[in-house]
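What follows is each chain in one-letter form.
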Amino acid sequence: MTADSSLTALQRHVAGATVSHDHPFPVPPQPPQEPLTPDLRDAWVRPLYMGLHLPQAAACVARLAQADDAVIARLLGQFDWRSRKAGASLAAWMQRPHFTAQLGGLLLASEVCYAGSAYCLALAAFDTPDSRDYLHRYLAYYLRQPKLHFEQAQAMAAIAWLDGRNGRDEAARHAPAWRAFLASRPGLTLDASLAAFAADMDRLRALQALARAG
């Protein structure tokens with residue numbers, strides 16, 4: 001799950017690798033994928049990379065049957081935040097928990113910006129012990145990295161959302177680190193992050209219902 005060494009610094013930046021950082025996670029290599037064709041980019045990346053709330057995301061319902069596991073793997077296998085966000089959104093939409101390890105590894109590595117919110121959404125949508133564990137591992141490390149403003153709020157909101165759904169209080173284990181992290185992010189609150197995450201999950205559920213109705 002690392003960038004092609006042939007990429008220039010500008011290409012890496014455009015792909016979303018805007019922050020260089022080390023992390024302690026052993027991330028398995030990702031199977032190499034062919035570059036995206038214009039058709040794949042137009043069918044999935046352009047409609048989905050800005051989020052599931054946009055009208056063009058709903059337009060994907062008509063061709064959802066074409067989004068098999070190979071398409072998801074190909075999207076996730078690109079070193080670009082747009083493709084990875086689209087792939088994670090599809091994995092969540094189509095409920096593909098066998099992508100948990102790949103999505104969790106991408107979240108822990110945090111190679112590119114913006115995509116992490118979709119990884120968190122998918123892992124929460126799967127709601128398995130393994131998917132929740134990736135969120136907890138992410139928080140255990142990245143809440144203690146105040147200089148890295150990544151997807152800490154989204155991951156914390158994902159755990160809080162799951163707590164509300166399942167009657168647990170697993171977010172409590174991260175509460176001290178979360179409060180310390182907030183010192184580096186004035187104005188950030190869990191309530192606001194949870195509300196935004198819940199809205200994203202509602203949009204995901206609405207799209208799933210629309211696909212079933214179709």
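Given the structure is predicted, the values throughout are model-derived calculations rather than measurements.

A.B. asks: Could you give an account of the overall build of the protein chain, naming the residues involved and the relevant values?
C.D. replies: Check the secondary structure of the protein chain and you find eleven helices and zero strands. Listed by position from the N terminus, the elements making up the protein chain come as α-α-α-α-α-α-α-α-α-α-α. Against the globule reference of 17 Å for 214 residues, the protein chain gives a C-alpha radius of gyration of 17 Å, in line with a compact fold. Seen through its principal axes, the protein chain has C-alpha atoms that stretch 45 × 45 × 30 Å. Looking at the 214 residues of the protein chain, the share that counts as buried comes to 50%. Expressed as a percentage of contacts within the protein chain between residues at least 6 apart in sequence, the contacts between residues at least 24 apart total 73%.

A.B. asks: Can you lay out the pattern of salt bridges for me, pointing to particular residues and giving the numbers?
C.D. replies: Per the counting criterion, the structure on display carries eight salt bridges. The partner of D69 in a salt bridge is R96, with the nearest N and O atoms 3.1 Å apart. Of the two residues, D69 sits in helix α4 (residues 69-76) while R96 sits in the loop between α5 (81-93) and α6 (100-109), which places them 27 residues apart along the sequence. The exposure class of D69 is partly exposed, given its relative accessible area of 29%. Exposure remark for R96: the relative accessible area of 23% places this residue in the partly exposed category.

A.B. asks: Account for α4, with residues named and values stated.
C.D. replies: V71, I72, A73, L75 and L76 are the residues of α4 that are buried. Looking at the buried residues of α4, the elements they touch are α2 (38-48), α5 and α6.

A.B. asks: Requested: an account of the packing of aromatic side chains, with residues and values cited.
C.D. replies: Taken as a whole and judged by the stated rule, the model has nine aromatic pairs. What links up through ring pairs into an aromatic cluster is the set F25, Y138, Y141, Y142 and F150. Over the ring of W44 we find R63; its NZ or CZ atom is 5.4 Å from the centre of that ring.

A.B. asks: If you had to explain the nonpolar core to someone new, which residues and values would you point to?
C.D. replies: Grouped together as the largest cluster of nonpolar side chains are 70 residues, with contacts concentrated most on W44, L48, L90, W93, L103 and L135. Looking at which element gives the most residues to this core, the answer is helix α7 (residues 116-126), with nine residues.

A.B. asks: Residues and numbers for the environment of H21, please.
C.D. replies: Mapped onto the elements, H21 comes out in the loop between α1 (9-15) and α2. Given the relative accessible area of 18%, H21 is considered buried. Sequence separation between H21 and S110 is 89 residues; the distance between their C-alpha atoms is 8.9 Å. Excluding its chain neighbours within four sequence positions, the residues that come into contact with H21 are A109, S110, Y142, L148 and F150. Separated by 3.3 Å, the side chain of H21 and the backbone oxygen of A109 make a polar contact. Side-chain polar atoms of H21 contact the backbone oxygen of S110, separated by 3.0 Å.

A.B. asks: With reference to specific residues and values, describe the packing of helix α8 (residues 129-142) against helix α9 (residues 152-166).
C.D. replies: In a pair of packed helices, the angle between the axes and the distance between the axes together describe the arrangement. Viewed as axis vectors pointing N to C, α8 and α9 meet at an angle of 135 degrees, and their least axial separation amounts to 10 Å. With respect to their mutual orientation, α8 and α9 come out oblique. The two elements α8 and α9 cross, and the hand of that crossing is left-handed. Across the interface between the two elements, R132, L135, H136, Y138, L139 and Y142 of α8 pack against Q152, A155, M156, A158, I159 and L162 of α9. Of the residues contributing to the contact of α8 with α9, the split by class is nine nonpolar, two polar and one charged.

Parameters and conventions
- Residues numbered from 1 in each chain as written.
- Predicted model: local features only at pLDDT ≥ 70, side-chain atom pairs only at ≥ 80, totals over all residues.
- Heavy atoms only, no water.
- Helix = DSSP H or I, 4+ residues; strand = E, 2+ residues; numbered from the N terminus.
- Rg over C-alpha atoms; globule rule 2.2 N^0.38 Å.
- Buried < 20%, exposed > 50% of the residue type's maximum accessible area, 1.4 Å probe, protein only.
- Contact = heavy atoms within 4.5 Å.
- Salt bridge = Lys/Arg side-chain N within 4 Å of Asp/Glu carboxyl O.
- Phe/Tyr/Trp six-rings, centres within 6.5 Å; stacked < 30°, edge-to-face > 60°.
- Lys NZ or Arg CZ within 6 Å of the ring centre and 35° of its normal.
- Core = buried A, V, L, I, M, F, W, Y, C linked by side-chain atoms within 4.5 Å.
- Polar contact = N/O pair within 3.5 Å; in protein donor to acceptor, adjacent residues only side chain to side chain.
- Axes fitted to C-alpha atoms, helices over the stretch in contact; angles between N-to-C directions.
- Parallel < 35°, antiparallel > 145°, perpendicular 65-115°, else oblique.
- Left-handed = near helix turned anticlockwise from the far one by under 90°.
- Nonpolar A, V, L, I, M, F, W, Y, C, P; charged D, E, K, R; others polar.

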